[in-house]
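Residue-level listing of the chains:
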Amino acid sequence: MPPEKTLPEANELEEVILEIVILGLNHNTAAVDLREQLISLLRREGETQTFFKGVPGLDEIFFLTTCNRVELLFTSEDPENAVRDLTDRWAAGLEEPLSQFLPKIYVFRGDEAVRHLFRVASSLDSMILGEPQILGQIKEAYRESVRNRNTGVILNRLLHKSFSVAKRVRTETGIAGHAVSVSFAAVELAKKIFRDLNDKKVLLIGAGEMAELAAEHFFNNHVRNITVINRTRERAEELAGRWQGQSLPWAELSAALFETDIVVSSTGAQEMLIDAAQVRQIMRKRKQRPLFFIDIAVPRDIDPRINEMDNVFLYDIDDLQGIVTQNLAERKQEARLAEGIVAEEGLKFRTWLKGLEVVPTIVALRKKFDELREGEWKKNSSLLDGMTDEQQKGVEMMMEALVNKILHDPISFLKDFGHEEHKDQKINSLQKIFKLDLGEGKVSEDTNAEPKA
């Protein structure tokens, strides 16, 4: 990933500042089939990044697609026409009347676009509040944009800033610290019972999606002894292999219960698989060593009467759902803190963006004084002939230092925005005072925008 730039190269910036825009749809505005159709459309048009380059009015572009959203972030001098063109193309490609398509999309511009990106990166706009996957998806999409040379000064800075905002949110709030999925909640409960899961043995009964998620969460919590039992042995072997575990045939269920500490059952069986008498017998053999059951099957796999036994803990789907609901409320509380971070960082980015408007004037000012310095050097070259190389270098350094000191105050004057309404007046005043020629709004290609103030 390329390093973040602090100031743009002079040849990358026009005097007219491009507006930041987001056009997209997500799980709140459009059904999954429409999102899938739109992604397929963009793929059919060829390389997605190349397709966007052909749309008039787009400058820098960044394309993000996940199972829950399709979004295009771009900069443009003519955002209204760019949005209209994109919307028309998307609706036509989907063969959907524009009147029906428009309510399913959203458009954010300027500060609102920046805020939206920061919220997405921080998982404040996700289907599951606080989920961590979205940041990785944004980073991967950014790498793709960089490979296609689609991002520049503004979006490079903005996307890097979104990464740091997401990191602040995760570091300074507890938005990711509460289980909001049933499988995750099951693991969190196990940690409360046993405190340390490192040496615990986990038995998964069933090998479906819920078991897979539970295996992942246990593995991430340093459990390395995972056994999978499933009526279809091949599926059990596949799941166990993914998490460095082992699989057993269905007939060895009772033996596996004797060896394990934590049982997660998530089959589709219509009858109970584990009854109270079976567990009572196992507990005598275990000499009352604690046994933790998590039954997330509907209908239930485990006899609820085992919860009456000493050192046996049973939680079913309703118990876990109650925990999830409570934790989701806690995440929403943390989200309020996260929104404050997003707002604060949005203001910082706006300040940086506004600062770009003075760069052409600073560049032109630097260029003019460098030309004056070089002109005086040539005009007085005869006086320098009698000097040694070291003496000439000393004079040159003195002249550069003098120019830097002269430029320090006017450059500081430009950078100190003060009241927003005075910004254009300050820029115009300096351009008139120093008779600066900014040409057609572009700055010299061989001049660095970083002032030596």
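Residues numbered from 1 in each chain as written. Predicted model: local features only at pLDDT ≥ 70, side-chain atom pairs only at ≥ 80, totals over all residues. Heavy atoms only, no water.

A look at unusual backbone geometry
- Here the amide bond leading from Val298 into Pro299 is cis, since omega sits at 0°, within 30 degrees of zero.
- In this model, Arg195 sits at a positive phi of 65°, which is unusual for a non-glycine residue.
- Topologically, Arg195 is positioned in the loop between helix 8 (182–194) and strand 5 (201–205).
- Looking at Arg195, the relative accessible area reads 76%, which means it is exposed.
- A positive phi angle is found at Gln244, which is not glycine, with a value near 55°.
- Locating Gln244 in the fold gives a position in the loop between helix 10 (233–242) and strand 7 (246–248).
- Gln244 sits in the exposed class, given a relative accessible area of 56%. (Helix = DSSP H or I, 4+ residues; strand = E, 2+ residues; numbered from the N terminus. Buried < 20%, exposed > 50% of the residue type's maximum accessible area, 1.4 Å probe, protein only.)

Topic: the nonpolar core
- In this structure, Ile20, Phe62, Leu73, Ile138, Leu158, Leu159 and Phe349 are the most contacted members of the largest nonpolar core, which totals 40 residues.
- Listing elements by their share of this core, those giving two or more residues are strand 1 (19–26), strand 2 (61–65), helix 5 (111–121), helix 6 (133–147), helix 7 (153–172), helix 13 (317–355) and helix 14 (359–379).
- What Leu158 contacts, discounting residues up to four positions off in sequence, is Ile20, Leu73, Val114, Leu117, Phe118 and Phe349.
- Of all hydrophobic cores here, the second largest spans 31 residues; its members include Ala207, Ala214, Ile226 and Leu320. (Core = buried A, V, L, I, M, F, W, Y, C linked by side-chain atoms within 4.5 Å. Contact = heavy atoms within 4.5 Å.)

Some words on the sheet that holds strand 3 (residues 69–76)
- Spatial strand order, 2-3-1-4: four strands in an open sheet with antiparallel pairing. Each edge of the open sheet is held by one strand with a lone partner, namely strand 2 and strand 4 (106–109). The sheet shows a mean angle of 15° between the axes of neighbouring strands, taken without regard to direction.
- Pairing between strand 1 and strand 3: eight bridges, direction antiparallel. By the bridge assignment, Leu23 is partnered in strand 3 with Leu72.
- Sitting on the sheet, helix 5 is in contact with strand 1, strand 2, strand 3 and strand 4, with an inclination near 110° to strand 4. (Pairing = 2+ DSSP bridges. Axes fitted to C-alpha atoms, helices over the stretch in contact; angles between N-to-C directions.)

Here we look at helix 5
- Summarising burial for helix 5: eight of the 11 residues are buried, a large majority.
- Of the positions making up helix 5, those classed as buried are Ala113, Val114, His116, Leu117, Phe118, Arg119, Val120 and Ala121.
- The first or second residue beyond helix 5 is Ser123, which carries a positive phi of 60°.

Quick look at the confidence of the model for the protein
- Looking at the protein, the pLDDT average stands at 84 and 87% of residues meet or exceed 70.
- Per-residue pLDDT stays below 50 along residues 1–16; that stretch engages in 47 contacts with residues further than four places along the chain or on separate chains.
- Across residues 440–453, where pLDDT falls below 50, the model places 33 contacts with residues more than four positions away in sequence or in other chains. (pLDDT = per-residue confidence, 0-100.)

Let's talk about the pattern of salt bridges
- Counted according to the given criterion, the structure contains 34 salt bridges.
- Among the salt bridges present, the one from Arg168 reaches Glu344, with a minimum N-O distance of 3.3 Å. With Arg168 in helix 7 and Glu344 in helix 13, this pair connects stretches of sequence that are 176 residues apart.
- By relative accessible area, Glu344 is classed as partly exposed at 35%.
- The salt bridge involving Lys348 is made with Glu344; its shortest N-O contact spans 3.5 Å. Of this pair, Lys348 and Glu344 both sit in helix 13, four residues apart, which is roughly one turn of the helix.
- Residue classification places Lys348 among the partly exposed positions, given a relative accessible area of 43%.
- Members of the salt-bridge network, linked through shared partners, are Arg69, Glu71, Arg115, Arg119, Asp125 and Glu339. (Salt bridge = Lys/Arg side-chain N within 4 Å of Asp/Glu carboxyl O.)

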